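Breakdown of the fold
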Amino acid sequence: MDTIGVLTSGGDAPGMNAAIRAVVRQAISKGKKVKGIKRGYEGLLQSEIIDMDARTVADIIQKGGTILQTARCPEFRTIEGQEKAAKICREHGIDGIVVIGGDGSFAGAKCLADQGINTIGIPGTIDLDIACTEYTIGFDTAINTAMEAIDKVRDTSYSHERVSIIEVMGRNAGYIALWCGIANGAEDILLPETYDYDEQKLINNIIEKRKKGKTHHIIINAEGIGHSTSMAKRIEAATGVETRATILGYMQRGGSPTCTDRVHASMMGAYAVDLLCNGKSNRVVGYKGDEYVDFDITEALAMKKDIPEYQCQISKALALL
Ligand code: ATP
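So, here is what we can say about the structure in this document.

Quick notes on the rules
Residues numbered from 1 in each chain as written. Predicted model: local features only at pLDDT ≥ 70, side-chain atom pairs only at ≥ 80, totals over all residues. Near = placed C-beta within 6 Å. Helix = DSSP H or I, 4+ residues; strand = E, 2+ residues; numbered from the N terminus. Nonpolar A, V, L, I, M, F, W, Y, C, P; charged D, E, K, R; others polar. Pairing = 2+ DSSP bridges. Axes fitted to C-alpha atoms, helices over the stretch in contact; angles between N-to-C directions. Contact = placed C-beta atoms within 7 Å. Parallel < 35°, antiparallel > 145°, perpendicular 65-115°, else oblique. Left-handed = near helix turned anticlockwise from the far one by under 90°. Expected span 1.5 Å × (residues − 1). Buried ≥ 20, exposed ≤ 12 C-beta atoms within 10 Å, placed from the backbone.

A few words now on the site of the ligand. Near the ligand lie 18 residues; those nearest to it are Gly10, Gly11, Gly102, Gly104 and Ser105. Per element, the largest residue contribution to the shell around the ligand is six residues, and it comes from helix α4 (residues 103-114). Of the residues assigned to the shell around the ligand, the class counts are five nonpolar, nine polar and four charged.

So, in structure tokens, the structure goes:
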């Protein structure tokens, strides 16, 4: 292993820069050269490859987004695209690549490994929806950003005695909604994994809590559930209580990463380089039981992760009035 490439792919997540920095500096400390691949697999197919040294990653550990930028690349899903990508890696002398992204990016890394390029995946997604790891880079920053925003909505919701529906990210995974639901003391949390689409139950809960003296009501809605603004209109019509929707959107992806994200990203980045230097390929880095671990990509992608039942129960229990 002489030259290691690094790319970020899929949705961006705060902490990706800390991971890039760790890959670059750990590789250099082991005597390797490093190439940065811009805009994920799309940039790889366009040969957007830059030399990186210890200085290239100075002053980025605290920055959100990804200095290498990211993209989604349909062409890379084809065998022709994967062959072309492997050829470009060889032309640039890249023997191994660290891919920072989600499950889709790992599937891509496996394809690249099948083409003879050593690959290691690092879980970078705000959604925490990667089964082989208890932690994904970006989650902590995203939930803290969302929590602070929801606190602000709560202030105005209380003042106006409103129902507030706050939509957070998580199309297929409700971890952000569940964590914020508990942290923000929400009355209802709608998760893609458990929501039964019985809106009448939600309406009855609001009416019942009003009767008991609750003057405002926070509903955290994971984006996968449906349209929060139209839901707010239906709830207002059914309950007679002013109901407003707030969609937090992309602000949840941005911002300076928290300490937790910076540390996990740094550790995982360095761990990925160690794996490559030890001759490993086609692996995904994870964090389990206070340890950094790694799994075969195919096995990692086949793993399943359930939303924690006990956390769901407690979130409901604590919302009782
Ligand atoms: P996020 O969790 O933020 O969505 P992700 O890594 O899962 O991140 P995807 O859009 O699914 O995001 O994947 C990123 C890129 O990885 C795709 O645009 C594509 O280039 C590549 N990719 C995804 N799935 C495959 C696959 N099955 N085979 C080859 N390449 C893939």
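With that settled, the discussion passes to the sheet that holds strand β1 (residues 3-8). One key point about sheets: their strands pair by backbone hydrogen bonds, in either a parallel or an antiparallel sense. Sheet architecture is open: seven strands sit in the order β3-β2-β1-β4-β5-β10-β11, paired in mixed fashion. On the outer flanks of this sheet lie β3 (49-52) and β11 (291-296), each paired with one strand and no other. Across the sheet, the mean angle from the axis of one strand to that of its neighbour is 30°, orientation sign disregarded. Strand direction decides the pairing type here: strand β2 (residues 33-37) and β3, joined by four bridges, are antiparallel. Bridged to Gly36 within β3 is Ile50. Of the strands in this sheet, β1, β4 (96-101), β5 (118-123), β10 (283-288) and β11 touch helix α9 (residues 259-277), which is tilted by about 165° from β5.

Bringing the pairing of β11 into the picture now. Of the strand pairs in this sheet, β10 and β11 are connected by six bridges, and their pairing is antiparallel. Looking at the pairing, Lys288 lines up with Glu291 of β11. Adjacent in sequence and paired antiparallel, β10 and β11 are bridged by two residues, among which Gly289 carries a positive phi angle near 50°.

Further remarks concern the packing of helix α7 (residues 199-211) against helix α8 (residues 228-239). Two elements in contact, α7 and α8, have axes separated by 10 Å at closest approach and are oriented at 55°. Between α7 and α8, the angle is such that the two are oblique. For the pair α7 and α8, the sense of crossing is right-handed. Of the residues in α8, those in contact with Glu199, Ile203, Ile206 and Ile207 of α7 are Arg234, Ile235, Ala238 and Thr239. In terms of residue class, the contact of α7 with α8 is made up of five nonpolar, one polar and two charged.

Taken together, four strands build an open sheet; the order of strands is β7-β8-β6-β9 and the sheet is parallel. Both edges of this open sheet fall to β7 (188-190) and β9 (243-247), since each of them pairs with a single strand only. Looking at each pair of strands side by side, their axes are set apart by 15° on average, direction ignored. In the sheet, strand β6 (residues 163-168) pairs with β9 via five bridges, with the strands oriented parallel. Within β9, the position partnered with Val163 by the bridge is Thr243. Contacts between helix α5 (residues 139-160) and the sheet are confined to β6, β8 (217-222) and β9, with β6 contributing the most and set at about 165° to the helix.

With 14 residues, helix α1 (residues 16-29) extends 20 Å from end C-alpha to end C-alpha; this agrees with the ideal 20 Å at 1.5 Å per step. Those residues of α1 not exposed but buried are Met16, Asn17, Ala18, Ala19, Ile20, Arg21, Ala22, Val23, Val24, Arg25, Gln26 and Ala27. Each element contacted by the buried residues of α1 is listed here: β1, β2, β3, β4, β5 and α9. Of the residues trailing α1, Gly31 is marked for its positive phi of about 80°.

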